[in-house]
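Structure at a glance
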Amino acid sequence: EAPRQLTVGVASVLWQMARIDGAFDRREFQEIIFSLDRSLDLLDGEAAGLLEIARVLDAKPERLAALVEALCSNYTADQRTVIYTLACRVAESDGLVHEAEDRFRQILAQTLGVVPIVSKQ
C-alpha cells in the first residue's frame with residue numbers, strides 16, 4: 001500500500017494526461033478509475049476521490065511537479081515504468097493520441113526516467 005502522497009501523485013499524472021488535450025473523454029475517466037483500482041489496490045470509491053483531489057491540484061502546477069518528484073524518489077524504475085504505461089493507456093483510451101498528449105508523455109518519460117513510447121501516428 002502506497003502512502004497517500006504517492007497515490008495522489010499517480011492520480012494527478014493520469015488526470016493531467018486526460019485533460020492535457022482540452023477534451024476530457026469519458027473513456028479516459030473510465031481508464032483512470034480502472035488503472036487506479038487495479039494498480040493501487042484501493043478501497044471501493046477511493047479512486048474517484050483521488051481523481052477529485054487530482055482535479056483540484058490541477059490548478060497548482062507546482063504541486064504536480066512536487067508529486068512527480070515524490071514518485072521518482074519513492075518508486076523503483078519498474079514502478080515508474082508502470083505509472084508511465086498507465087498514463088499512455090489514458091492517452092490512447094479515446095482512440096487518438098493528440099499532439100499535446102504525445103508531448104506530455106515524452107516529458108513524463110524523461111521526468112520519470114523511463115524509455116518513452118514512440119507515437120504510431
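Structure shown above.
Let us look at the structure shown here. Please read all numbers here as calculations on a predicted model, not as lab measurements. (Residues numbered from 1 in each chain as written. Predicted model: local features only at pLDDT ≥ 70, side-chain atom pairs only at ≥ 80, totals over all residues. Heavy atoms only, no water.)

Let us now look at the pattern of salt bridges. According to the stated counting rule, one finds six salt bridges in the structure shown. Here R105 ties to E92 by a salt bridge, and the two come within 3.4 Å at their closest N and O atoms. Of this pair, R105 sits in helix α6 (residues 99-112) while E92 sits in helix α5 (residues 77-92), and the two are 13 residues apart along the sequence. Across the salt bridge formed by E99 and R103, the nearest N and O atoms sit 2.9 Å from each other. Taken together, the residues E99 and R103, both in helix α6 and four residues apart, mark about one turn of the helix. What makes E99 exposed here is its relative accessible area of 61%. Judged by its relative accessible area of 46%, R103 is partly exposed. It is possible to trace a salt-bridge network through shared partners that takes in E92, D102 and R105. (Salt bridge = Lys/Arg side-chain N within 4 Å of Asp/Glu carboxyl O. Helix = DSSP H or I, 4+ residues; strand = E, 2+ residues; numbered from the N terminus. Buried < 20%, exposed > 50% of the residue type's maximum accessible area, 1.4 Å probe, protein only.)

Nonpolar side chains in soluble globular proteins generally cluster together in the buried interior. Counting residues in hydrophobic clusters, the biggest one holds 37 residues, and the most contacted among them are V10, V13, L14 and L36. Elements represented by at least two residues in this core include exactly α1 (4-19), α2 (26-40), α3 (46-57), α4 (61-74), α5 and α6. Take this core: its biggest share by element is nine residues, from α1. The contacts of L14, once residues within four sequence positions are left out, are I32, S35, L36, I83, L86, A87 and V90. (Core = buried A, V, L, I, M, F, W, Y, C linked by side-chain atoms within 4.5 Å. Contact = heavy atoms within 4.5 Å.)

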